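Single-letter residue listing:
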Amino acid sequence: MQLDQATTEQLREWEASLSLEYQQFKASGLNLDLTRGKPSAQQLSLSDSINEILGNDLSNESNTDLRNYGGLDGIPECKRLFAGVLGVKQDETLIGGNSSLTLMYMAAQFGLHQGFGDLAKSWSSEGGAVKFLAPVPGYDRHFAVCEHLGIELVTVALNDDGPDMDAVEQLLKNDPSIKGIWCVPRFSNPTGTVYSDQVVERIAQLGKIASSNFRVFWDNAYAVHSLSDDAPELANLMDSCRKHGTEDSVYLFGSTSKITYAGAGVAFAGMSKGNLKAFTHHLGMSQIGPDKINQLRHVRLLKDADGITEHMREHAAVLKPRFDIVLKHLRDGLGDTGMASWTEPQGGYFVSFDTLPGLAKDVVKLAADAGVKLTPAGATFPYGKDPANSNIRIAPSVPSLEEIDRAMAVFVTCVKLASVKQRLS
């Protein structure tokens, strides 16, 4: 039944039926969690051979003693492996610790306070506010980096093909205090959007439009995380930047956090040689070198681009049935009601769901009271404030198939109940 076509009597009958169903869920004592996009234990086990893969052979192609200090930017074979994931050259790649978020935080902090070496001075030395563009809905931890560093966030819409580039370009032309933009270009968190070739091309030219020291923070966290072999590909940003002479305007980031072990993986960054020189100089003030033995373990496990592809097919075999359950519940339960809309991603870790305006917080609370935890409403917007109070991020990777099935049944009932109550009021 379409919500806007129902009579008051039908709505009241619907509300009574849904309320009874909801109370039954509450009485069943559920304790289910769809909050964070972490790999499941089943996915993590796909990489367990990494623990024995080195044996006593710690040799690498540069004959580096991996047990010792040094190698601030990573071992050559690891740089070569993940340069391919980022779409940059080996000598434009840095291998860090286990967290790409750490590298992004450092990049923002260096830009804010230490500057870019021979390339340019720091953002804070220019005086006045420092701002970043935030495509929304987006990744809450990106927003938290800026909030922690005192960088103001300015939202732009995330469309089906990427950020609203007309708005991005206009904002950059009019406001020199905007020094960066957050991008998750393939299977965006939370929508699953893949930036179109045209959007990538326009992003590559932002360095010509923006004020000095502008940087694109290109967090390609889900670069290889497709759910099928025919998922859309992403154009190479750095190749476009070379064409336009804007290589210095981009930082590219990634990690194996959702490829191997989330807590013991490898993070990597790609950037121009000038940026890399400044970044490693600043980085060298806080550490002497990363875990090179872990880098070698990852090279031995994944081997090359084909090895990464095959490994990620095993991940997809675990993840896709979970997404299928989520989408089936949404289509069957809400498809003809006019109560909601959602994305149907071909990769990544999330489904982005929109209630009718004003209902996201109500749905999250109803679900929580019935034993299903969801990411807080507003988390996908800067400062936790969704102007429409409608977006909810669904993360189905961790629970079992049975748990997702039960959780989504509760979720759909909560959406229906909240929607009918709103209509009646």
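Please refer to the structure placed before this passage.
Asks: Please clarify how the sheet that holds strand S2 (residues 93-95) should be interpreted in this entry.
Replies: For sheets, the rule is that strands pair by backbone hydrogen bonds, running either parallel or antiparallel. The mixed open sheet is built from eight strands, whose spatial order is S2-S9-S8-S7-S6-S3-S4-S5. A single partner strand is all that each edge strand has here, and the edge strands are S2 and strand S5 (162-163). Relative to strand S7 (residues 215-219), strand S6 (residues 178-183) is paired through four bridges, and the arrangement is parallel. Across the sheet, Trp 182 pairs through a bridge with Phe 217, a residue of S7. On the sheet, helix H6 (residues 165-174) packs against strand S3 (131-136), strand S4 (152-159), S5 and S6 and is oriented at approximately 155° with respect to S4.

Asks: Which parts of the structure should I look at to understand the environment of Ser 341?
Replies: Counting through the fold element by element, Ser 341 comes out in strand S10 (residues 340-342). Between the alpha carbons of Ser 341 and Val 168 there is a distance of 25 Å; along the sequence they are 173 residues apart. Setting aside its immediate chain neighbours within four residues, Ser 341 contacts Ser 352, Phe 353 and Asp 354.

Asks: When you look at the sheet that holds strand S13 (residues 391-394) in this model, what are you seeing that I'm missing?
Replies: Read across the sheet, three strands follow the order S10-S11-S13 without closing on themselves; strand pairing throughout is antiparallel. In this open sheet, the two edge strands, each paired with only one partner strand, are S10 and S13. When the angles between neighbouring strand axes are averaged without regard to direction, this sheet yields 25°. With respect to the sheet, helix H12 (residues 305-334) is in contact with S10, strand S11 (351-355) and S13, its orientation differing from that of S11 by roughly 20°.

Asks: Mind showing me how you'd approach the environment of Phe 143 here?
Replies: In this fold, Phe 143 is placed in helix H5 (residues 140-149). Phe 143 sits in the buried class, given a relative accessible area of 2%. Along the chain, Phe 143 and Pro 382 lie 239 residues apart, while their C-alpha atoms are 5.6 Å from each other. Once residues lying within four places of it in the same chain are set aside, the contact partners of Phe 143 are Ala 134, Pro 135, Val 136, Gly 138, Leu 153, Ala 379, Thr 380, Phe 381 and Pro 382.

Asks: Explain the pairing of S7 to me, please; I cannot follow it from the model alone.
Replies: Across a regular strand the side chains alternate sides, sitting on one face of the sheet and then on the other. Most of S7 is tucked away, with five of its five residues classed as buried. Where burial is concerned, the two faces of S7 agree: the one with Arg 215, Phe 217 and Asp 219 and the one with Val 216 and Trp 218 are both buried. As judged from the four bridges shared by S7 and strand S8 (residues 250-255), these two strands associate in the parallel manner. In the sheet register, Val 216 faces S8, and the bridge partner there is Val 250.

Reading guide: rules and limits
Residues numbered from 1 in each chain as written. Predicted model: local features only at pLDDT ≥ 70, side-chain atom pairs only at ≥ 80, totals over all residues. Heavy atoms only, no water. Pairing = 2+ DSSP bridges. Helix = DSSP H or I, 4+ residues; strand = E, 2+ residues; numbered from the N terminus. Contact = heavy atoms within 4.5 Å. Axes fitted to C-alpha atoms, helices over the stretch in contact; angles between N-to-C directions. Buried < 20%, exposed > 50% of the residue type's maximum accessible area, 1.4 Å probe, protein only.

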